Each structure stands twice: as C-alpha cells, then as structure tokens.
Amino acid sequence: MNAQAAPRVLVIEDEEDIAYILRFLFQREGFTVDHAADGREALARLEQPPPHAVVLDIMLPYHDGIEIVERLRAQPGWREVPVLMLTAKAREVDIVRALDLGADDYVTKPFQPEEVLARLRRLMRRAA
C-alpha cells in the first residue's frame, strides 16, 4: 500500500445501517471507504481500479455476493484483492461455498465491529 494514500476499502452492503457502521469504523481506522448498495453497482466497480480490500454481503439485490466474488476473481487486477464476506448466511454450506469460490474470510451477522476490523487489517497485511 502507498504510504501517502489511505488504503481504500469497498463495502458492498445493501442495509444502510450496516453500511453506515462499517463506513464509520473503517474511516476511524484511516481507510477511505467506497460503498456499493447492490450487486449491479458492485459489478460496475469492476471497471474502476481495484481497492485494497472488499467487504461483501451475500444477500444483495440484482446480483448476490457469491456471483460478485466469482466475478472479482475472474477480473484481472481484482484477483488478489482480499475479500471479507460479512453476511447473515451462517450455514456451513454457504460458508464453504464462499470460501471455495474465492472469499478470504467469512464473518456472520450480527457481528462485533472490532472483530471485523481486526480481520480486515489481517487480510490487508497478508495482501501487502
């Protein structure tokens, strides 16, 4: 990561309250936060330079998080971007599928904000 620029995180989350909490949490940590509120908006971001990390919900309007993580992993420049799934889907089959398709970590809702922040920092350190 460039020492002069704040690390950029893309939050893909349709629930406004959760997106607000994540934005506040990550900005407090010094990250620049971009937000996509649905799957269509998230996929449009693939045309832009990739962020340093993605926090991704599974249950989204238009395209779900599983499709988005698959598309991220197929897109040059985005393949190595750490992806943290943050979702209410807590079944083992959902977790395994997301991880097998390219997610780097998986946290279920409700979540502890500081745990999400710690997991995101860990993923970004590994990717650096």
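Whatever comes next refers back to the structure up there.
Summary of the structure given here. (Residues numbered from 1 in each chain as written. Predicted model: local features only at pLDDT ≥ 70, side-chain atom pairs only at ≥ 80, totals over all residues. Heavy atoms only, no water.)

Secondary structure summary: the protein chain contains five helices and five strands in total. Reading the protein chain from its N terminus to its C terminus gives the helix and strand order β-α-β-α-β-α-β-α-β-α. The C-alpha atoms of the protein chain give a radius of gyration of 13 Å, which matches the 14 Å a tight globule of 128 residues would have. Taking the principal axes of its C-alpha atoms as reference, the protein chain extends roughly 40 × 30 × 25 Å. (Helix = DSSP H or I, 4+ residues; strand = E, 2+ residues; numbered from the N terminus. Rg over C-alpha atoms; globule rule 2.2 N^0.38 Å.)

Here we come to the sheet that holds strand E5 (residues 105–108). Taken in spatial order, the five strands line up as E2-E1-E3-E4-E5 in an open sheet, and their pairing is parallel. Here the strands that pair on one side only, and so sit at the sheet edges, are strand E2 (32–36) and E5. In this sheet, adjacent strand axes meet at a mean angle of 20° when their direction is disregarded. Note that strand E1 (residues 8–12) and E2 share five bridges and pair parallel. Looking at E2, one finds that arginine 8 is bridged to threonine 32. The strands touched by helix H1 (residues 16–28) are E1, E2, strand E3 (53–56) and strand E4 (83–87); relative to E2, the strand with the most contacts, the crossing angle is about 165°. (Pairing = 2+ DSSP bridges. Axes fitted to C-alpha atoms, helices over the stretch in contact; angles between N-to-C directions. Contact = heavy atoms within 4.5 Å.)

Tallying each qualifying case throughout the model produces one aromatic pair. Considering the side-chain rings of phenylalanine 26 and phenylalanine 31, the 6.2 Å spacing of their centres and the 65° angle between planes classify their relative orientation as edge-to-face. Of the two residues, phenylalanine 26 and phenylalanine 31, neither departs from the other in class, the shared state being buried. Just above the ring of tyrosine 62 sits the side chain of arginine 40; from NZ or CZ to the centre is 3.4 Å. (Phe/Tyr/Trp six-rings, centres within 6.5 Å; stacked < 30°, edge-to-face > 60°. Buried < 20%, exposed > 50% of the residue type's maximum accessible area, 1.4 Å probe, protein only. Lys NZ or Arg CZ within 6 Å of the ring centre and 35° of its normal.)

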